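Read off the chains here:
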Amino acid sequence: MSATYAHLTAAHRDLLARSETLARDILAPIARRGEPGKVNRELVAALSAHGLVPEVLEAGREVPALTLCLVREGLARYSTQAETAFALQGLGAHPILIAGRSEVVDVWIPRVASGEAVAGFALTEPDAGSDVAALGLAAEPDGGRFRLSGEKVFISNAPDADIYTVFARTSAGAGARGITAFAVPRDSPGLSGESIPFIADHPIGRLRFDGVPVPADHVLGEVDHGFGVAMRTLDLFRPSVGACAVGMAQAALDAAVAHAAERQAFGKPLSALQGVSHQLADVATRVQASRLLVHSAAGAHDAGITPNTEAAAMAKLFATETAMLAIDVAIQVHGARALERGHLLEHLYRDVRGTRIYEGASEVQREIIARQLFRRAGRGS
Ligand SMILES: Cc1cc2nc3c(=O)[nH]c(=O)nc-3n(C[C@H](O)[C@H](O)[C@H](O)COP(=O)(O)OP(=O)(O)OC[C@H]3O[C@@H](n4cnc5c(N)ncnc54)[C@H](O)[C@@H]3O)c2cc1C
């Protein structure tokens with residue numbers, strides 16, 4: 001056993017190895033058959049058929065954070081598209097799982113877990129990204145239901161998802177205290193959208209709500225308490241974004257080590273040049289530190305140490321910044337060949353960029369960590 005995963009149980013190591021094997025041998029070929037920027041339903045179905053989505057999504061049970069992280073790391077190492085499809089099923093369905101009425105949970109969680117339905121998480125708006133509390137998509141009471149009007153943008157899996165968790169404004173001028181979460185099926189009247197062409201092979205789009213009727217029993221949690229539902233979801237998912245980054249960084253490092261050992265320059269392999277090998281040593285150290293931060297934040301969540309906001313922020317910040325560096329160094333070690341369309345590193349370079357922005361940009365993670373630092377010192381608000 002390598003020391004890399006010595007802190008994990010045998011069951012967790014097996015899960016990671018199974019995720020890697022599935023990604024490499026079964027899911028990557030299915031991912032390659034998909035249309036870039038569109039939901040690949042064959043891939044979503046395969047993730048469920050091989051048990052990975054049911055591993056994390058089951059009605060009546062909290063999502064196990066470390067399991068989520070290990071599957072994301074294993075998938076990202078061999079297929080970022082499979083990793084994205086897996087993660088989005090969890091992200092879109094999690095608010096329903098933790099805050100949905102039983103009627104909604106019983107319909108949608110089994111369908112998402114089985115891969116029959118695709119889920120989406122709709123928080124961001126054209127005028128509210130990092131500043132989530134500024135969101136303005138209106139939800140107005142209308143008899144025994146609500147009507148949603150406004151726009152969401154950069155929503156992964158939109159407009160193809162079958163069920164969206166939508167965060168909407170129910171109390172004007174109340175900031176974070178006036179937001180409500182809703183489960184909104186795609187076939188709701190007045191809901192439309194389109195894909196956004198994107199840097200990565202990531203299905204993402206815009207959603208328009210034109211007086212979309214949503215029954216009152218589709219409210220997730222309590223009216224005006226949706227911000228907490230969003231934050232509980234992000235506290236769980238941020239370390240797992242870090243795990244996805246660790247998988248990508250490890251793939252880049254593996255490629256760089258193989259290439260440096262093989263490629264001859266000046267009569268010897270690149271690995272014999274200390275300027276190359278020491279860069280790889282630094283990357284390897286940072287990747288392992290990222291992994292440990294991710295597993296520690298996830299472990300805290302599973303141990304019921306919540307909110308784990310600060311640990312989650314540290315894990316996401318460090319792992320995503322490290323992955324960006326790891327992929328950049330790997331490209332440098334490869335030279336021009338890594339920039340050819342279709343090269344693994346060209347693909348990773350495009351895929352990794354979003355991880356430093358979504359679910360809170362790196363600067364937002366630093367804000368979260370800094371606020372905790374000063375609060376603990378009795379100097380914060
Ligand atoms: C690949 C991808 C997938 C996504 N999927 C989803 C999804 O499924 N659902 C969803 O709701 N959204 C999704 N998003 C949107 C994402 O959550 C937002 O892009 C993100 O919250 C940032 O918002 P913004 O792009 O509007 O940037 P802005 O909020 O305009 O911020 C721009 C920049 O300003 C800086 N900044 C912002 N706040 C601070 C601060 N407090 N201190 C210092 N600097 C700051 C940061 O550098 C930031 O990148 C996705 C985005 C990407 C890239």
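Residues numbered from 1 in each chain as written. Predicted model: local features only at pLDDT ≥ 70, side-chain atom pairs only at ≥ 80, totals over all residues.

Participant: Please set out the overall build of the protein residue by residue, giving values where relevant.
Facilitator: From N to C terminus, the protein includes eleven helices and ten strands. Relative to the 2.2 N^0.38 estimate, which gives 21 Å for 381 residues, the radius of gyration of the protein is 21 Å and therefore close to what a compact globule would have. Counting only C-alpha atoms and orienting by the principal axes, one finds that the protein spans roughly 80 × 55 × 40 Å. Counting only contacts in the protein whose residues sit at least 6 apart along the sequence, the fraction spanning at least 24 positions is 74%. (Helix = DSSP H or I, 4+ residues; strand = E, 2+ residues; numbered from the N terminus. Rg over C-alpha atoms; globule rule 2.2 N^0.38 Å. Contact = placed C-beta atoms within 7 Å.)

Participant: Provide a residue-level description of the domain arrangement of the protein, including the pertinent values.
Facilitator: Quite often, the size of an interface is put as the accessible area lost when its parts meet. Split into domains, the protein comes out as domain 1 (3-114), domain 2 (119-224) and domain 3 (228-376). For domain 1 and domain 3, the distance between their C-alpha centroids amounts to 20 Å. Opposite the 22 residues of domain 1 that make contact, domain 3 presents 22 residues. Of all the secondary-structure elements, those providing two or more residues to the side of domain 1 that touches domain 3 are α4 (65-78) and α5 (80-99). Among the elements that take part in the side of domain 1 that touches domain 3, α4 stands out by supplying ten residues, more than any other. Residues belonging to the side of domain 1 that touches domain 3 are distributed by class as follows: 13 nonpolar, five polar and four charged. (Domains from an automatic or database assignment. Nonpolar A, V, L, I, M, F, W, Y, C, P; charged D, E, K, R; others polar.)

Participant: Requested: an account of the site of the ligand, with residues and values cited.
Facilitator: Lining the immediate surroundings of the ligand are 18 residues, of which L123, G129, S130, G354 and E363 lie closest. Looking at the shell around the ligand, the elements that each hand over two or more residues are β1 (119-122), β3 (145-156) and α11 (362-376). Grouping the constituent residues of the shell around the ligand by class yields ten nonpolar, six polar and two charged. Here the shell around the ligand spans two domains, since at least three of its residues come from each of domain 2 (119-224) and domain 3 (228-376). (Near = placed C-beta within 6 Å.)

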